[in-house]
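Listed here are the chains, written in short residue letters.
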Amino acid sequence: MGRVYNFSAGPAVLPEEVLREAADEMLDYRGSGMSVMEMSHRSKVFDEIIKDAEKDLRDLLNIPDNYKVLFLQGGASTTFAMVPMNLMKNRVADYIITGQWAKKAYEEACKYGKANIVASSADKTFSYIPDCSDLPISEDADYVYICENNTIYGTKFKKLPNTKGKILVSDVSSCFLSEPMNISDYGMVYGGVQKNIGPAGVVIAIIREDLITDDVLEGTPTMLKFKTQADAGSLYNTPPCYGIYICGKVFKWLKKMGGLEEMKKRNEEKAKILYDFLDSSELFKGTVAKEDRSLMNVPFVTGDKDLDAKFVAEAKAAGLENLKGHRSVGGMRASIYNAMPKEGVEKLVEFMKEFEKNNK
Ligand SMILES: *Cc1c(COP(=O)(O)O)cnc(C)c1O
């Protein structure tokens, strides 16, 4: 059995090199006589793993010293609640709704205060990013919230919103480490790692230090308070040790590949192969406004449900897996994260050409 080209939106493809290394170290991590899965999170060995992971992440993203890096649990969906619990001091926040994940974060915030929708692309099934250059930002808003890359719909903010001086909180789950970003533009950046970094079970949050305080909403659980996690170096309780270890390996792999500038170049190259084909095809169509296209998630349709289903089934038989679109959009979606090799995208386009010829 060989490995397939896995276009899943998440959990998603990981670098083969990383998986092989992890396999080599499975029974005996570097002479410790045990697997990383079996060791104490208070051990010296694990301390090195988590510290190294943080250091490499800081190098990759050029994270300024006044930002903390937290390794959290509960998925991005738990962070939807942590954000208002920790940051909604005035109990007001502005949300930009560009898809289901932003909407879910907004609905969570509504439980804790007044969350306002200041822009939305719901009118056209989230197929574009609204103009955010002059939004009606609330005067007393504690933060402005975006989902930077919309995993389901395949759009990405190419320009950050003008928050009129308010801090920006961004869910980057599906574009984390796909290209460089300027952390200083944000108050907080976070993402579940299972899209572009590692195994499910870890959320990485990068938060400006002055936003990490004891002044949180009443009733905020200890575990969901940024300060608890920051003060304990993400070791307040048992962290997802094995997941953090794999993330650390992926950070090292990214550094070896040439860092995020290089990943951006590669990701642009890969996406161009697929988008160029979609633009020239008579059968397949991209579903997203061209200027807002994501480099990571590429949805497309034939316009015929039965033909879409046939495509997904035949692609699977050809070793191109998980191309079915999200249940809310239908059609197809190819997620082409960092670890998807260019050959995978080339194979997909070859297959699409062949399918088009046979189904005219
Ligand atoms: C997948 C995803 C989520 C949800 O992540 P969980 O870790 O499953 O809670 C949130 N936001 C974005 C952008 C996602 O892609």
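Residues numbered from 1 in each chain as written. Predicted model: local features only at pLDDT ≥ 70, side-chain atom pairs only at ≥ 80, totals over all residues. Heavy atoms only, no water.

A.B. asks: For the overall build of the protein chain, give the residues involved together with the corresponding values.
C.D. replies: A tally of helices and strands in the protein chain yields nine helices and 14 strands. For 360 residues, the compact-globule formula gives about 21 Å, and the C-alpha radius of gyration of the protein chain, at 21 Å, lands near that figure. Each principal axis of the C-alpha atoms in the protein chain carries an extent, and together these give about 65 × 60 × 30 Å. Residues counted as buried form 56% of the 360 residues belonging to the protein chain. Taking as baseline every contact in the protein chain between residues at least 6 positions apart, the subset at least 24 positions apart corresponds to 68%. Taken as a whole, the protein chain presents about 15900 Å² of accessible surface, with 49% of it coming from carbon and sulfur. Side-chain charges in the protein chain split into 48 positive and 52 negative, and the spacing between the mean points of these groups amounts to 2 Å. (Helix = DSSP H or I, 4+ residues; strand = E, 2+ residues; numbered from the N terminus. Rg over C-alpha atoms; globule rule 2.2 N^0.38 Å. Buried < 20%, exposed > 50% of the residue type's maximum accessible area, 1.4 Å probe, protein only. Contact = heavy atoms within 4.5 Å. Areas by Shrake-Rupley, 256 points an atom, 1.4 Å probe, with all protein chains shown as cover. Lys, Arg positive; Asp, Glu negative; His and termini not counted. Charge placed at Lys NZ, Arg CZ, Asp CG, Glu CD.)

A.B. asks: Residues and numbers for the site of the ligand, please.
C.D. replies: What surrounds the ligand is the set G75, A76, S77, F80, W101, C147, N149, T151, D171, S173, Q194 and K195. Take A76: an N or O atom from its main chain is 3.0 Å from an oxygen atom of the ligand. K195 is positioned with one of its side-chain polar atoms (N or O) 2.5 Å from an oxygen atom of the ligand. Notes on the ligand: free accessible area 390 Å², of which the protein chains cover 87%. Per-element tally for the shell around the ligand: the top contributor is helix α3 (residues 75–87), with four residues. Across the shell around the ligand, the residue classes tally to four nonpolar, six polar and two charged. (Near = heavy atom within 4 Å. Polar contact = N/O pair within 3.5 Å; in protein donor to acceptor, adjacent residues only side chain to side chain. Nonpolar A, V, L, I, M, F, W, Y, C, P; charged D, E, K, R; others polar.)

A.B. asks: Residue-level account of the packing of helix α7 (residues 259–280) against helix α9 (residues 342–358), with values.
C.D. replies: Viewed as axis vectors pointing N to C, α7 and α9 meet at an angle of 10 degrees, and their least axial separation amounts to 9 Å. In terms of orientation, α7 lies roughly parallel with respect to α9. Of the residues in α9, those in contact with E269, K270, I273, L274, F277 and L278 of α7 are K342, V345, E346, L348, V349, M352, K353 and E356. Here the residues of the contact of α7 with α9 are counted per class, giving eight nonpolar, no polar and six charged. (Axes fitted to C-alpha atoms, helices over the stretch in contact; angles between N-to-C directions. Parallel < 35°, antiparallel > 145°, perpendicular 65-115°, else oblique.)

A.B. asks: Hey, could you go over the environment of K124 for me, with residue numbers and the actual values?
C.D. replies: If you trace the backbone, K124 turns up in the loop between β4 (114–120) and β5 (144–147). On the basis of relative accessibility, which here comes to 53%, the residue K124 falls in the exposed class. Note: C-alpha distance between K124 and D142 (18 residues apart in sequence) is 29 Å.

A.B. asks: Quick one: what's the story with the domain arrangement of the protein chain, residue by residue and with numbers?
C.D. replies: Many authors give the size of an interface as the accessible area that is lost as the parts come together. For the protein chain, the assigned domains read domain 1 (17–256) and domain 2 (259–359). Each of domain 1 and domain 2 has a C-alpha centre, and these two points are 27 Å apart. On the side of domain 2, 24 residues touch domain 1, which itself brings 26 residues to the contact. Between domain 1 and domain 2, the buried area comes to about 2100 Å², and carbon and sulfur atoms account for 55% of it. Summed over the shared surface of domain 1 and domain 2, the number is one salt bridge. At the junction of domain 1 with domain 2, the criterion picks out 13 residue pairs in polar contact (both at pLDDT 80 or more). Going through the elements one at a time, α2 (44–61), β7 (155–156) and α6 (241–257) are the ones with two or more residues in the side of domain 1 that touches domain 2. In terms of residue count, α6 provides more of the side of domain 1 that touches domain 2 than any other element does, three residues in total. (Domains from an automatic or database assignment. Buried area = accessible area lost by both parts, 1.4 Å probe. Salt bridge = Lys/Arg side-chain N within 4 Å of Asp/Glu carboxyl O.)

A.B. asks: How would you sum up the side chain of E25? Please name residues and give values.
C.D. replies: Position of E25 relative to the elements: it lies in the loop between α1 (16–24) and α2. Classification of E25 by relative accessible area gives buried; the value is 12%. A polar contact is formed between the side chain of E25 and the side chain of R30, at a distance of 3.2 Å. Apart from the residues lying within four places of it in its own chain, the contact partners of E25 are R30, Y245 and K249.

A.B. asks: Provide a residue-level description of unusual backbone geometry, including the pertinent values.
C.D. replies: Cis geometry is found at the peptide bond from G10 to P11, where omega equals -10 degrees. Inspection of the secondary structure puts P11 in the loop between β1 (5–6) and α1. Positioned with a positive phi, N62 is a non-glycine residue whose angle comes to about 50 degrees. With respect to the secondary-structure elements, N62 resides in the loop between α2 and β2 (67–72). Residue class for N62 comes out exposed when judged on its relative accessible area of 64%. Although it is not a glycine, R91 sits at a positive phi angle of roughly 60 degrees. Topologically, R91 is positioned in the loop between α3 and β3 (92–97).

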